[in-house]
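# Examination of the molecular architecture
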Amino acid sequence: MNDKTIEAKNHNTAVRSNSTAVMVAREIMKSYAGRPVLRGVSLEVFAGERLALTGASGSGKSTLLNCLGGVDRPDSGSIRFKNVAMETLDADGLTELRRREIGTIFQFFHLLPTLNVAENVELPLQLNGVPAAERDRRVLSLLERVGVHGRAEAYPGQLSGGEMQRVAIARALAHKPAVLLADEPTGNLDSRNGAIILELLREISDETGTALVLVTHSVAAAQICHRELSLCDGQIGGGGVKD
Ligand SMILES: Nc1ncnc2c1ncn2[C@@H]1O[C@H](COP(=O)(O)OP(=O)(O)O)[C@@H](O)[C@H]1O
Ligand SMILES: [Mg+2]
């Protein structure tokens, strides 16, 4: 066990003893066209922890993340976000929960091509009704934090992959979510840029206390996490605190 792993494990123990779970999923089932993808998945996400979700391609990682993020619904089972049972929310309620509490980043960035960098990051704040002066201040500080403040006026098509992912991270954090869901966020980056993005995610989750659920194929990515859960045959296989 290296120093970083010990540090992560100690941190994780502290996180788990000091906080209740911010999300609790119980017995999630989800099928597509009669074919089961998730077959009774249960997990907790603790405030401030980094949780890696691994598994073979097609094992249902994105499906699970989409259920946790409220963009898809399980066929059965329950997901509690803080004190809210997500299955009791209608579509508007889920949208509102996402807008206030959940940040998402993707492999292919999903920035809006017709908005510049600053406008992409500002959008979630506008949707939340944050006043203009506060929006400007937050956007500036986020762009500085992720290291792209020099590109505020640039459009996504003018950025490198690494820069686009920095902007996507700033956008995902703009509304100060309790949980950041990341679906293979280094999957479209070279190893150097992937390492930079992972370090940024690690630092930012420590600084902000945002829990991170990181879907990844990459061993390096899983290593920045306190815990790893693996999906296999529609269920959570191995896992627990890393040692
Ligand atoms: N919207 C959908 N409609 C039909 N099948 C889907 C849909 N989304 C995912 N699947 C299927 O569910 C399985 C799990 O997909 P996914 O969650 O994307 O896996 P992973 O992210 O682990 O690669 C795959 O077999 C995939 O083809
Ligand atoms: Mg996927």
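Residues numbered from 1 in each chain as written. Chains lettered and ligands numbered in written order. Predicted model: local features only at pLDDT ≥ 70, side-chain atom pairs only at ≥ 80, totals over all residues.

### Focus on the nonpolar core
Using the following cut-off: The term nonpolar core refers to a set of buried Ala, Val, Leu, Ile, Met, Phe, Trp, Tyr and Cys residues connected through C-beta atoms within 7 Å. With C-beta atoms placed from the backbone, a residue is labelled by how many other C-beta atoms lie within 10 Å of its own: buried for 20 or more, exposed for 12 or fewer, partly exposed between the two. Think of it this way: any DSSP run of H or I at least four residues long counts as a helix, any run of E at least two long counts as a strand, and we number them from the N terminus. Throughout, a residue-residue contact means that the two C-beta atoms, derived from backbone geometry, are no farther apart than 7 Å.
Residues V213 and L214 are the most contacted members of the largest nonpolar core, which totals 62 residues. Broken down by element, this core gets its largest block of residues, seven residues, from helix α6 (residues 161-173). If near-sequence neighbours (up to four positions away) are discounted, V213 is found in contact with V45, L51, L53, L65, L68, V179, L181 and A182.

### Things to note about the pairing of strand β1 (residues 21-32)
Heads up, the condition is: In short, DSSP must find at least two bridges between two strands for them to pair.
Direction of pairing for β1 relative to strand β2 (residues 35-46): antiparallel, over a ladder of nine bridges. The residue of β2 that forms the bridge with S31 is P36. As consecutive antiparallel partners, β1 and β2 are separated by two residues, and within that stretch A33 has a phi angle of approximately 50°, a positive value. Summarising the sheet, β1 and strand β4 (residues 76-81) pair through five bridges and their orientation is antiparallel. Within β4, the residue paired with A25 across the bridge is I79.

### Some words on the environment of V219
On the secondary structure map, V219 appears in helix α8 (residues 219-223). Considering only alpha carbons, one finds V219 and A52, 167 residues apart in sequence, at a separation of 9.8 Å.

### Concerning the sheet that holds strand β5 (residues 84-85)
Selection rule: Axes here mean lines fitted to C-alpha atoms, for a helix over just the part in contact, with angles spanning 0 to 180 degrees between N-to-C directions.
Spatial strand order, β2-β1-β4-β5: four strands in an open sheet with antiparallel pairing. Looking at which strands have only one partner, the edges of the open sheet turn out to be β2 and β5. Packing of helix α2 (residues 61-68) onto the sheet brings it into contact with β1, β2 and β4, and relative to β1 it is tilted by some 125°.

### Examining the sheet that holds strand β6 (residues 102-106)
Pairing is mixed across the open sheet formed by six strands, whose spatial order is β6-β7-β8-β3-β9-β10. Two strands in the sheet have a free side with no partner beyond their single neighbour: β6 and β10 (235-236). Here α2 sits on the sheet in contact with β3 (50-55), β7 (179-183), β8 (211-215) and β9 (227-232), set at roughly 155° to β8.

Taken by themselves, the reported measurements are silent on function.
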